[in-house]
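# Secondary and tertiary structure notes
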Amino acid sequence: MKKTTRSFAFACVFLFCFFTLQAQQTIISGKVSSTTNQALEGVSVRVKNTRTTTSTKTDGSFQIKAQPADSLVFSSIGYQTYVAIAGSGNLTIQLTPAVTNLDEVTVISVGYGTLNKKEVTSAITHLSSKELLSVGGNGALMSLQGKVAGLSVTNTATADPNSTPSIQLRGVSSRDAGLGPLYVINGVPGGNIDNLNQNDIESIDVLKGGAASAIYGTRGSNGVIVITTKKGSSESRAFYDGYAGFDYATNKLTVLNKDEFLAHKRGVDFGGNTDWLKTVSRNPAFSQKHTLQFSGGNGKTNYMASLDYRKAEGIDLRSSKEEYGARVSINHTAANNLYAVSLNIAPRYAHTNLADYSGFNYALTLNPTLSPYDSNGRYAYINTGFFSNNPVENAKVNLSQQDIKYLDINGSFKLNIAPNLNTIVTLGEVTSSFRGYGFSPSTYTYIQPAHGGTGRSTASQKLDENDQKSFEWTGNYSLNLRRHGFKLLGGYSYQYFTSSGFNASNEDFPSDVLTYNNLGTGLWNLEEGQNGVGSYKNSSKLIAFFGRLNYDFDQKYYLSASLRHEGSSKFGASNKWGNFPAASVAWRISQEKFMRNISWINDLKLRADYGVTGNQDFGNYLSLDTYSGYGYYVFNGVTYQVWGPSQNANYDLRWEKAENFNIGADFDLFKGILSGSLNYYIRTNKDLLGYYSVPTPPNIKEQTYANVGTMKNTGLEIQLSANAIRHKDFSYTVSFAGATNSNKFVSFSNELFKGQSYVDVVGMPAPGSPGNIQRLQENKRIGSFYALKSAGVDSTGALLVYNQKGQLITANKASNDDKQFVGNGLPKFTASLGNTFRYKNWDLGIFLRGAFGYQVFNTTAFYLGTPATQQGANVLTSAYDSKSKYSKLTNPSTYSALSDYFLESGNFVKIDNISLGYTYPFNFKYLRSIRLYATGRNLHTFTKFTGGDPDQIPVNGLYPGLTQTIDTHAGTLNYYPSTIQLLLGLQLNF
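Residues numbered from 1 in each chain as written. Predicted model: local features only at pLDDT ≥ 70, side-chain atom pairs only at ≥ 80, totals over all residues. Heavy atoms only, no water.

## Comments concerning the overall build of the chain
Helix and strand counts for the chain come out as eight helices and 52 strands. Here the chain has a C-alpha radius of gyration of 33 Å; the compact-globule value for 990 residues is 30 Å, and the two agree. For the chain, the C-alpha atoms occupy an extent of roughly 130 × 75 × 65 Å along the three principal directions. Looking at the chain residue by residue over its 990 residues, the buried ones come to 50%. In the chain, 69% of the contacts between residues at least 6 apart in sequence involve partners at least 24 apart. When the accessible surface of the chain is split by element, carbon and sulfur atoms take 56% of a total near 45200 Å². Where the 88 positive side-chain charges of the chain centre and where its 71 negative ones centre are 10 Å apart. (Helix = DSSP H or I, 4+ residues; strand = E, 2+ residues; numbered from the N terminus. Rg over C-alpha atoms; globule rule 2.2 N^0.38 Å. Buried < 20%, exposed > 50% of the residue type's maximum accessible area, 1.4 Å probe, protein only. Contact = heavy atoms within 4.5 Å. Areas by Shrake-Rupley, 256 points an atom, 1.4 Å probe, with all protein chains shown as cover. Lys, Arg positive; Asp, Glu negative; His and termini not counted. Charge placed at Lys NZ, Arg CZ, Asp CG, Glu CD.)

## Some remarks on the nonpolar core
If you look at the biggest cluster of nonpolar residues, it comprises 66 residues, and the most contacted ones within it are Met764, Ile773, Leu776, Ile782, Phe857, Tyr863 and Phe902. Taken together, the elements giving at least two residues each to this core come down to helix H4 (276-279), helix H5 (358-365), helix H6 (391-397), strand E39 (758-764), strand E40 (771-777), strand E41 (784-787), strand E43 (799-802) and helix H8 (859-864). In terms of nonpolar packing, the next biggest core, distinct from the first, is built from 23 residues, Leu132, Val135, Leu141 and Ile167 among them. (Core = buried A, V, L, I, M, F, W, Y, C linked by side-chain atoms within 4.5 Å.)

## Quick notes on the confidence of the model for the chain
Residue-level pLDDT values for the chain average 90, and 96% of them are 70 or greater. Scored below 50 in pLDDT, residues 1-23 makes one contact in the model with residues more than four places away or belonging to other chains. The model gives residues 99-106 a pLDDT under 50, and that stretch makes 13 contacts with residues more than four places away or in other chains. (pLDDT = per-residue confidence, 0-100.)

## Concerning the domain arrangement of the chain
Partitioning the chain into domains gives domain 1 (26-95) and domain 2 (107-234). Measuring from the centre of the C-alpha atoms in domain 1 to the corresponding centre in domain 2 gives 40 Å. (Domains from an automatic or database assignment.)

## Structural notes on the environment of phenylalanine 471
By secondary structure assignment, the location of phenylalanine 471 is in strand E24 (residues 458-481). As for phenylalanine 471 and serine 29, which are separated by 442 residues in sequence, their C-alpha atoms are 47 Å apart. Apart from residues no more than four positions distant in its own chain, phenylalanine 471 is found in contact with Val425, Thr426, Leu427, Tyr492, Ser493 and Tyr494.

## Structural notes on the pairing of strand E23 (residues 421-440)
Consecutive side chains along a regular strand alternate between the two faces of the sheet. Inspection of the sheet shows strand E22 (residues 399-418) paired to E23 by 19 bridges, in the antiparallel sense. Bridging from a neighbouring strand, alanine 418 pairs with leucine 421 of E23. Taking the residues that link successive antiparallel strands as the turn, the E22-E23 hairpin has two residues. Across 20 bridges, E23 lies against E24 in antiparallel orientation. If you follow phenylalanine 439 over to E24, its bridge partner there is alanine 459. (Pairing = 2+ DSSP bridges.)

## Considerations on the packing of aromatic side chains
Per the counting criterion, the structure on display carries 39 aromatic pairs. Both rings, one in tyrosine 492 and one in phenylalanine 545, keep their centres 5.2 Å apart while their planes meet at 50 degrees; by these two values the pair is tilted. A residue pair is termed long-range when its members are at least 10 positions apart, and tyrosine 492 in strand E25 (residues 484-507) and phenylalanine 545 in strand E26 (residues 533-553) qualify at 53 residues. Accessibility expressed as a relative area gives 43% for phenylalanine 545, which makes it partly exposed. Taking 4.9 Å as the distance between ring centres and 85 degrees as the angle between the ring planes, the aromatic pair formed by phenylalanine 862 and tyrosine 863 counts as edge-to-face. Pair check on accessibility: phenylalanine 862 and tyrosine 863 agree, each one buried. Each member of the aromatic cluster is reached from another via a ring pair, and the members are Phe857, Phe862, Tyr863, Tyr886, Tyr895, Tyr901 and Phe902. When the ring centre of phenylalanine 821 is taken as origin, the NZ or CZ atom of lysine 780, which lies over that ring, is 4.7 Å away. (Phe/Tyr/Trp six-rings, centres within 6.5 Å; stacked < 30°, edge-to-face > 60°. Lys NZ or Arg CZ within 6 Å of the ring centre and 35° of its normal.)

## Side note on the environment of asparagine 192
The residue asparagine 192 is located in the loop between strand E14 (188-189) and strand E15 (201-207) in this model. Counting along the chain gives 214 residues from asparagine 192 to tyrosine 406, while the straight-line C-alpha distance between them is 8.4 Å. For asparagine 192, the contacting residues outside a window of four places in its chain are Ile185, Tyr406, Asp408 and Val430. In terms of polar contacts, asparagine 192 uses its side chain to reach the backbone amide nitrogen of aspartate 194, at 3.0 Å. (Polar contact = N/O pair within 3.5 Å; in protein donor to acceptor, adjacent residues only side chain to side chain.)

## A look at the sheet that holds strand E44 (residues 808-810)
Reading across the sheet, the three strands line up as E42-E43-E44 and stay open at both edges, with antiparallel pairing between neighbours. The open sheet is flanked by strand E42 (789-793) and E44, the only strands paired with a single partner. Here the strands of the sheet are splayed against their neighbours by 40 degrees on average, with no regard to which way each runs. In terms of strand pairing, E43 meets E44 through three bridges, oriented antiparallel. Within E44, the residue paired with leucine 800 across the bridge is threonine 810. (Axes fitted to C-alpha atoms, helices over the stretch in contact; angles between N-to-C directions.)

## Some words on unusual backbone geometry
The linkage connecting threonine 696 with the following residue, proline 697, adopts the cis geometry, with an omega of -15 degrees. Locating proline 697 in the fold gives a position in the loop between strand E34 (689-693) and strand E35 (703-707). At the junction of proline 697 and proline 698, the peptide bond is cis and its omega measures out at 10 degrees in the coordinates. Among the structural elements, proline 698 can be located in the loop between E34 and E35. Despite not being glycine, asparagine 337 has its phi angle at roughly 60 degrees, a positive value. When you line up the elements, asparagine 337 lands in the loop between strand E20 (320-333) and strand E21 (339-353). Unlike most non-glycine residues, tyrosine 621 shows phi in positive territory, near 70 degrees. By the element assignment, tyrosine 621 lies in the loop between strand E29 (601-615) and strand E30 (627-635). Judged by its relative accessible area of 32%, tyrosine 621 is partly exposed.

## Thoughts on empty space enclosed by the protein
For the structure on display, the rule yields nine cavities of 30 Å³ or more. Its volume calculated, the largest cavity comes out at about 500 Å³. In this structure, the largest cavity is lined by 36 residues; those nearest its centre are Leu151, Ser152, Val153, Thr830 and Val955. When residues of the lining of the largest cavity are traced back to their parent elements, those giving at least two are strand E11 (151-154), strand E37 (730-740), strand E46 (829-839) and strand E47 (842-852). Among the residues making up the lining of the largest cavity, the classes are represented as 17 nonpolar, 14 polar and five charged. Of the volumes computed, that of the second largest cavity is approximately 220 Å³. Around the second largest cavity, the lining is made up of 20 residues, and of these Met142, Thr158, Arg937, Asn938 and Thr979 lie nearest the centre. Residues belonging to the lining of the second largest cavity are distributed by class as follows: three nonpolar, ten polar and seven charged. (1 Å grid on protein atoms, 1.4 Å probe; cavity = no way out; pocket = protein on both sides within 12 Å on 5 of 7 lines; lining within 4 Å. Points joined across faces, edges and corners; volume = space filled by probe spheres on them. Nonpolar A, V, L, I, M, F, W, Y, C, P; charged D, E, K, R; others polar.)

## Focus on the side chain of serine 295
In this fold, serine 295 is placed in strand E18 (residues 285-297). For serine 295, the residues in contact, after removing those within four places along its chain, are Gly232, Glu235, Ser236, Arg237, Tyr303 and Met304.

## Here's the deal with the pattern of salt bridges
In this structure the tally under the stated criterion is 28 salt bridges. The partner of aspartate 666 in a salt bridge is arginine 607, with the nearest N and O atoms 2.9 Å apart. With aspartate 666 in strand E32 (residues 656-669) and arginine 607 in strand E29, this pair connects stretches of sequence that are 59 residues apart. Since its relative accessible area comes to 6%, arginine 607 is described here as buried. Aspartate 951 is the partner of lysine 910 in a salt bridge, and the nearest nitrogen-oxygen pair spans 3.6 Å. Pair noted here: lysine 910 is in strand E50 (residues 908-921) and aspartate 951 is in the loop between strand E51 (929-943) and strand E52 (978-989), with a separation of 41 residues, a long-range link. As far as the burial class goes, lysine 910 and aspartate 951 line up, both buried. (Salt bridge = Lys/Arg side-chain N within 4 Å of Asp/Glu carboxyl O.)

Next up, the structure:
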């Protein structure tokens, strides 16, 4: 009975307490918005120290049970956490965007992960999307030009909408293998940089130090560029950016007009009066681009969708590009944070008309008294002069087109096993398809039988497809023990690459109407017994295991060590696998007690790193015995294909190896007014890949692809940023990037292959037999011009040079033995200066860029800049300008002699980019702000070079300092004018 009574009493007390507690709880309601008063959906609302949670609705409202004294915690991705007392309810909460202080937030991508800026121990340059230049087309990475010390971004035909920039980090690193960096986009190595809209970029991290790039093994030798695209947030937004662009030719080469041509008796008067450079140009060339982005979500799920359209014309008559692109990013985190998933999809399609670069060559040399049309209005047949062609007909009649398709897909799954332990699986596929079309109609003047042609129309198609599948699996573990911090990474990587394609061509079609769309109707292949088709397919694999340890003590001393064990199917049987170790250390000296009283030093970090990287960017199957066709053989009336060895197999083929050493410092001074970094690097590239001559027999072929040679690059880099003026209504910031590069080709030989100590390169074309203009030689800087040393001009107008004995002779009597090193085409120093002004709603950016300490060969002056140029061809006005040294060369006997007489300083400083914008904020429900902007690119170049814009002459690669063909690296007269680009744009934030 007593037990029952006690139980009953306990129950009564419990019920009393329960109902009392319930009576104290109440429904707390409220609304959450951003600082711009937009309702926030999906914000997590939690009663502190309990499991009671809810989330806001579409209009930002919420309801939750809590006691008046409870604390409510409001949290959402992209916003700072906010805590409020429940009180009596009817709360109005505003969330502030998350602070992005680099010292507090993890923002630096270091390969397979991120670190706080203070934890980075290697040379890495970080750029946000706001720091990129405003550019019109020609690849998203043109926005990086001049922004990163040691990163050379060049484009020798910016006005060609189909051109792509050449990108090289810390000098040339190979003789034959690839020279460009590895791109990692959203965690997928080997990302397609051409399938990227600049408006979609969130940040770019350039991994320059060997310790940072060594985690990517055989593809890290040329540096790594990590690109992160934008993602959504819990706040719904829409954004539009559109511009119209106009390109005007600038730094133009000028040639004789009709009257000057005839006055100097350059050729026959055909009665016309044509400005050929104007005739083969569009001026201006028009372009337009539109981007539309949508983003939104809630505290756990967000999305980002981007659409873009671009249509652009080239400065030449034929080139154009029309493209459509999209990118979708979806991210979801489980309610209990157990897992997170992401998905990125980016398709792109483009239709192009390829530029006719030869058109400007013809325009420079054609007789101005010729006309592109005859008396009947048809295209004229031109068969006189330096080049015999009608560039207007060639550009407008002959088709050279390409359809391009890109598709990038990647997704990741992150499992949070414990608060300090997670694993991530990333799957990706990068595909590209290039379908080329060519057609010359039967009406084309130069194939008419009356002009010695075949009379046959020609057509062709070509397809090249590339596919990359990747699987990345990493695990991350972190541990903090008092003043000790550990971060451990382990991973596995698998990538499979395939390339395939076909080509087909035919001639003599019954009609021109179908152009290249019905190759089977052509009669030529059938009549000649040719098949006119070809195809190929090849593949390769990369497999790697890797790990990295990051350790810090008391946030003052940092250590990072990594190792990648990687295998490639490209390598020889005995060298399939390689090891790529790296280590780096850093000391935040500003955290020491003896530095804390130095008020003007906010942060100072010294660091050093060493890493071994590799390069396997060369063709497949070069380490294997391969066979190919050797023609056909008829036996007993049956035709057989003859097969035989196609190369010398190299069973010992291995990766190029780069040993990288870097020391540097990062600093933040005067309370954030001045910040930056200094780096000094030494990179030694060994086992350089290339074709080397071998005896036959015993070898089947005269050359073998082998690892031979050593190259060394050293340099100093400085990156500065200064907040010079910081006031409420006005601010002025300055940025500076400068870099030196010293290069030396150390050796052409090793234990197995004993090569000569030099190779003469870059052969110059006819007329005449000029020979080679550069020499690669051991212990010499690449880009070294090797030619005759000029000594002026004699009374007959002949070029005088020094022979090997130092005696004066005319150039036509000199031999190769008289040549010597006369200059170098590799800049010793590059620099840029950025200036950004903000006054209330106005913003103005002025960006200057330059290169110094090098020479360039004036190819147009050599062939077309002297009175000695062959008769019938037009010449530059400098040929008869008494102020020009080239006007003195009147004797044709020394016309084709290569000498330093045609070397000029390539130094330049240019006003590269000026952008002026005005932003007007709105408080409308549907429109937040509008921005109008105008941008000018390449506005003026300060230089003494007389051959146009020196920035148009390549300085990347093994043969800097002169115009050359892309495939064979032979000298060429190809000329594509540089342009001033004007952009007028509009941005809307919804």
